[in-house]
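The chain contents come next:
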Amino acid sequence: MSETQKLDFSAVNGTTQKSFNAQKNLIKRMLKGNSAECSVCGQTLTLLLPPNSKNAKAADKAPGIYCKKGCTDIELDMEAVAMMK
C-alpha cells in the first residue's frame, strides 16, 4: 500500500458507534433501575454495584452488568459512571 492510499473505515465506524451508543443506553437504563434482557439469550441482566461500606462483603466480579450465562459482560468503571449522572 502506498503512502497516499487511505483506508475507508466509514462502515466500521458506523457499526462501532451504534454498538457504543446501545451499550451506553443500556447502562443508563440499568442504573435508573429499569430491567433489561440479554440480547443473545434473553435472560434478565443483573447490575452489580460495588459495596457501599468497608464492612460489606466483596463481590466475586467487578461492578458491571452481567448475564447469568455470560453472554453479556460489561464491566463498569464506577468513576466514569459517576460522571454520567
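Up top is the structure.
Not measured: the values here are computed from a predicted model.

Chemist: So what about the overall build of the protein chain? Which residues, and what values?
Modeler: Counting its regular elements, the protein chain contains two helices and three strands. The secondary structure elements of the protein chain, listed N-terminal to C-terminal, are α-β-β-β-α. Burial statistics for the protein chain: of 85 residues in total, 18% are counted as buried. The contacts of the protein chain with a sequence gap of at least 6 include a subset with a gap of at least 24, amounting to 33%.

Chemist: Quick rundown of the packing of aromatic side chains? Include the residues and the values.
Modeler: Enumeration over the complete set of coordinates arrives at zero aromatic pairs. For the cation-ring pair, K61 lies above Y66, with the distance from its terminal atom to the ring centre recorded as 4.2 Å.

Chemist: Can you explain the side chain of T72? Please cite residues and give values.
Modeler: Residue placement: T72 occurs in the loop between β2 (64–66) and β3 (73–75). Residues in contact with T72, not counting those within four places in the same chain, are C38, L45, I65, Y66 and C67.

Chemist: Give a detailed account of a nonpolar patch on the surface, specifying residues and quantitative values.
Modeler: Together, L7, F9 and V12 make up a nonpolar patch on the protein surface, roughly 300 Å² of accessible area in all. Along the chain, L7 falls in the segment before α1 (10–31).

Chemist: Please give an account of the state of the cysteines that cites residues and values.
Modeler: The tally for this structure, following the rule as stated, stands at zero disulfides. There is no disulfide at C38, and the cysteine sulfur nearest it, in C41, is 3.8 Å away. There is no disulfide at C67, and the cysteine sulfur nearest it, in C41, is 3.4 Å away. Looking at C67, the relative accessible area reads 2%, which means it is buried.

Cut-offs used in this document
- Residues numbered from 1 in each chain as written.
- Predicted model: local features only at pLDDT ≥ 70, side-chain atom pairs only at ≥ 80, totals over all residues.
- Heavy atoms only, no water.
- Helix = DSSP H or I, 4+ residues; strand = E, 2+ residues; numbered from the N terminus.
- Buried < 20%, exposed > 50% of the residue type's maximum accessible area, 1.4 Å probe, protein only.
- Contact = heavy atoms within 4.5 Å.
- Phe/Tyr/Trp six-rings, centres within 6.5 Å; stacked < 30°, edge-to-face > 60°.
- Lys NZ or Arg CZ within 6 Å of the ring centre and 35° of its normal.
- Patch = residues over 30% accessible without salt bridge, like charges linked within 9 Å, V, L, I, M, F, W, Y side chains within 5 Å.
- Areas by Shrake-Rupley, 256 points an atom, 1.4 Å probe, with all protein chains shown as cover.
- Salt bridge = Lys/Arg side-chain N within 4 Å of Asp/Glu carboxyl O.
- Disulfide = S-S within 2.5 Å.

Functional significance is not addressed by these values, which are geometric in nature.
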